[in-house]
Amino acid sequence: MQEPAVKKSLFWCDACNVPLIGRRCGCGTEGRTIPLLEPFDLRPALHADRDLIGRLLNDRFGDIPLPNIILLNKTGGRDRSDLILMNGERFGWLIFDPVTRQFSLEISPEALPYILQYAANGVVNLDEHLDQSKKIRIGGKKFPLKTAESNGTVIVKYRSRFGTGVIRDGHIRVKELALVTPITPKNPDWKEAIQKNQYHLKLLERDALRIIKKHREDRPTANVSFSGGKDSAAVLHLARKAGVEQAFFIDTGIELPETVEYVESCGVDIIRKGGDFFSAVEKAGPPGKDHRWCCKLLKLHPLRIYLSEVGSSVTFQGNRWYESWNRADLDETSQNPANPLQLNVSPIRSWRAFEVFLYLWWQKIPINPLYEMGLERIGCYLCPAMLESEYELLRSTHTDLTDRWDAFLKQWTGKTGYPDEYHQWGLWRWKALPPKMRELCREYEIPVNNDFTLRHNAVKKRKVQSETPAVHIMREEAFPVETIRRDYPILGDAIYLDSAALSLSPEPVLDAAIEFEHRYRANVGRGIHRFTQIASQRYWHAHEKVARFIGGGNGTTVFTKNTTESINMVAHGLSWQPGDRVITTILEHHSNLLPWRALATQGVTLSVIGIRPDFTLDLAALEEEIKKGARLVAVTHASNAIGVITPIAEIAELCKRYNTLLLVDAAQSVPHMPVNVTDLGCDFCCFSGHKMLGPTGTGILWMKEPIIRPMILGGGMIEEVHADSYMPAAGYQQYEAGTPNITGGIGLGVAVEYLEKIGMETIRRYEEALTTRLIKGLSRIEGVSIYAPSDPASRIGVISFTIEGLHPHEIAERLDENFDILVRSGYHCCQPLMEYLGLSEGTVRASLALYTTEMEIDLLIAAVQEIVRSS
Ligand code: PMP
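Computed from a predicted structure; not experimentally measured.

Q: Hey, could you go over the overall build of the chain for me, with residue numbers and the actual values?
A: Counting secondary structure elements, the chain contains 28 helices and 34 strands. For the chain, the spread of C-alpha atoms along the three principal axes comes to 110 × 70 × 60 Å. Pairs at least 24 apart in sequence give 67% of the contacts found in the chain among residues at least 6 apart. When the accessible area of the chain is evaluated, it comes to approximately 36,800 Å², of which 51% is carbon and sulfur surface.

Structural data, given as structure tokens:
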């Protein structure tokens, strides 16, 4: 990545003792450079910050006067961790410990000239603790203390030199010692700093206004997205100067009251159309910094509604490079990925918080009072992105709000079996813990899973779950869904619930295709050079892997384009007699119906078996039909429309008894449950690679015996060819004429290995639990009808539902647009079944896979609830 153009240092005018925006001070002096720390943001210490620093210094050293100008450079740490700048020096560090819930301040040696003369306490005279007879080096060393001293930062004196040190459990670690000359600096106030920076403030304003004017007509409407924070306050002011009047604020319903009051006082439109956080959180669990479902529900969703009324707009917003390292490459304009109606413009993206505050003060614009109270960031009072130190502050200032959230977190901790630290230390703020929090957990021996989630306490969990044995969602330690999801880069903002149509492909499958292209691209079964040998061997081996995967090593495994082609190959490849009968079912996909119906031209008749009111296949009716004599039964193993599983082994028994061939359409079963064709006892098994994590354009036809005629003739499928005859090759080759989909086949082999590694039984159990959760959740919503068998053993993760009064396409569209949930709607290529069920408009279908999470299921339920509520 290219280094962003961020400023990594601050200029300081030593003559005026003020920080500078540009290199030169208003007094003409060139500033001295002070390096800053990532993400290089800098802000003035406000009321509460100054009080806190003053109190901590006082506790340790006595009354230490503070300068008017103090700056804080926020850096990464376990929680709040600010480098304090005073008098143009790195004064020390202000740190919040999420475990002890305490702030501490550690001074740096550069602070000594400014505090030494005032320090009444907190000075450790090493002359009294060390053996004076020996000459030893002190700086950077650790020594035991002879008398008890409290832990924390201290000034160290040794002979005539001074330094700083930290005491921890009777030992002191000393930093460098030096001679210190006390300084009494000038003490300008912020007004003076503004005056000295006015030239640069004007430049900043001019540039921001230029950006706003440049873009305000890019769309028919222009507005400001106002968050109640300082950055958007600056943008609102600038936009109004540039003639943009419209501004909106989205009230999530979990805002701090000061913010709402402040927004009202700014004359900004308040949008209150978000969902209910507290009802959604009961299902979805606490949001995380890495899992901000709340934003979608409470911000993006109402924003979409608002914009659909306002129309296409250019929206000015206060995003800045320095807010986090992730934003450091933010462009002047960006298309809102979640909303095509919106073009976002960030006119102050290159400002630091320092410039923002200076500008607001210069322009005398009121700011949200929460800043002076000690918040660094304005947002919802339970925002996962907030620091624990800020939340701790709210516990004393907004007890009524935090009590409710604390009560929920406590209850959630108990329910999920997480350790108490999940709530107490704020570990709920991440789904996957970042390195610094993992280190904290390691220090305190709190178990963390391999995918960096906190481990559930098994004992507690079992107690809670014993009351509800039906829903036994497997936790991360049992099914590593988050680890699995890392293999699917496509899983970003959207919730993909259309795996029955096409599953996603994991990285190893994609890598196999790249490897083929990069290392040994060649045709298969032709020639003897080394590339073709590798390609042929891998392509052939993929057949073997697939055959083993379905327990079909004794049969013939042919690679096709898809299930449809596999079924057609059987329909066309058997030789039919007039009067032959084929039996199929009402559950079938068009691909397992039309090829049989087309045989009518050869005098073949077709019978279609129905289902019972509980959606399961009418086995008795099937037996009656088989008894009448039939050539072949073609039946789905699992319905792609309503998820019902059919009893293939029993059907196979009947077929065997009445000497009937059995073709199983396993397109929906093979990817989601263990399938063993030998145990099932079928003659043909057809399925698709692209539904089982494999590449598109891959399918399989497995045959117990290669009894069909090849449908396509040509190169690659023969043993010998003569002028007037040919001999087909043995095995699968005779059915794969022409150059096959080589990368597809090799990728399919890798997909099968990938599934095998996780285990089909494990996948089946995981998906079964998710399915049960979804069905339970949806069935509680009034107006929602679900079309699925009630027995979990008789269904896969394909759930069809309808909402009274809404067309399935409309529901799918709303789920996509408002909730980023991708589902299928309509007939699902099963129109006869839809007609049979009286569903003239079809259904909405959510289909799961091994990468689907419990959270995604809960969000779908919450979204459906929201759609029902709002229609
Ligand atoms: N049968 C079933 C049960 C299916 O779900 C599908 C795909 N939806 C098909 C057949 C057809 O599969 P393909 O598109 O891969 O040919």
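On we go from here.
Q: Tell me what's going on with the domain arrangement of the chain, and back it up with residues and numbers.
A: Looking at the chain, the domain boundaries give domain 1 (9-178), domain 2 (197-376), domain 3 (554-739) and domain 4 (760-870). A C-alpha centroid distance of 36 Å is found between domain 2 and domain 4. Per-residue buried area on domain 2 facing domain 4 is highest for Lys 283, His 301 and Arg 304; these three make up 49% of the total on that side. The interface formed by domain 2 and domain 4 includes 2 salt bridges. Summed over the shared surface of domain 2 and domain 4, the result is 3 residue pairs in polar contact (both at pLDDT 80 or more). Going through the elements one at a time, helix H7 (277-284) and helix H8 (293-310) are the ones with two or more residues in the side of domain 2 that touches domain 4. Here the element with the most residues in the side of domain 2 that touches domain 4 is H8; it accounts for 5 residues. The class makeup of the residues in the side of domain 2 that touches domain 4 is 3 nonpolar, 4 polar and 4 charged.

Q: Let's hear about the sheet that holds strand E26 (residues 684-688): which residues, and what values?
A: Across the sheet, 7 strands lie side by side as E21-E27-E26-E25-E24-E22-E23; this open sheet has mixed pairing. In the strand order of this sheet, the two ends are held by strand E21 (556-560) and strand E23 (605-609), each with one partner. For this sheet the average axis-to-axis angle between neighbouring strands, irrespective of direction, equals 15 degrees. Relative to strand E24 (residues 632-636), strand E22 (residues 581-585) is paired through 2 bridges, and the arrangement is parallel. When the bridges of E24 are listed, Val 582 appears paired with Leu 632. Contacts from helix H19 (residues 563-573) reach E21, E24, strand E25 (661-665), E26 and strand E27 (699-703) within the one sheet, and its direction differs from that of E26 by about 155 degrees. Against the sheet, helix H22 (residues 648-657) touches E24 and E25, its axis set at about 160 degrees to E25.

Q: Run through the nonpolar core, naming residues and quoting values.
A: Grouped together as the largest cluster of nonpolar side chains are 234 residues, with contacts concentrated most on Trp 405, Trp 596, Leu 632 and Leu 850. Sequence-distant contacts of Leu 632, defined by excluding residues within four places in its chain, comprise Val 570, Leu 574, Trp 576, Arg 581, Val 582, Ile 583, Trp 596, Thr 660, Leu 661, Leu 663 and Phe 684.

Q: Explain the packing of helix H18 (residues 530-549) against helix H24 (residues 742-758) to me, and be specific about the residues and the numbers.
A: Packing of H18 against H24 brings their axes to within 8 Å, and their N-to-C directions diverge by 40 degrees. One finds that H18 runs oblique with respect to H24. Two packed elements cross with a definite hand, and for H18 against H24 that hand is left-handed. Note on element contacts: H24 touches H18 through Ile 742, Gly 745, Ile 746, Leu 748, Gly 749, Val 750, Val 752, Glu 753, Leu 755 and Glu 756, opposite Ala 535, Arg 538, Tyr 539, Ala 542, Lys 545, Val 546, Arg 548 and Phe 549.

Q: Pulling in residues and values, what's your account of the environment of Arg 824?
A: Secondary-structure assignment places Arg 824 in strand E33 (residues 824-826). The partly exposed category is assigned to Arg 824, whose relative accessible area is 25%. As for Arg 824 and Arg 657, which are separated by 167 residues in sequence, their C-alpha atoms are 39 Å apart.

Cut-offs used in this document
Residues numbered from 1 in each chain as written. Predicted model: local features only at pLDDT ≥ 70, side-chain atom pairs only at ≥ 80, totals over all residues. Heavy atoms only, no water. Helix = DSSP H or I, 4+ residues; strand = E, 2+ residues; numbered from the N terminus. Contact = heavy atoms within 4.5 Å. Areas by Shrake-Rupley, 256 points an atom, 1.4 Å probe, with all protein chains shown as cover. Domains from an automatic or database assignment. Buried area = accessible area lost by both parts, 1.4 Å probe. Salt bridge = Lys/Arg side-chain N within 4 Å of Asp/Glu carboxyl O. Polar contact = N/O pair within 3.5 Å; in protein donor to acceptor, adjacent residues only side chain to side chain. Nonpolar A, V, L, I, M, F, W, Y, C, P; charged D, E, K, R; others polar. Pairing = 2+ DSSP bridges. Axes fitted to C-alpha atoms, helices over the stretch in contact; angles between N-to-C directions. Core = buried A, V, L, I, M, F, W, Y, C linked by side-chain atoms within 4.5 Å. Buried < 20%, exposed > 50% of the residue type's maximum accessible area, 1.4 Å probe, protein only. Parallel < 35°, antiparallel > 145°, perpendicular 65-115°, else oblique. Left-handed = near helix turned anticlockwise from the far one by under 90°.

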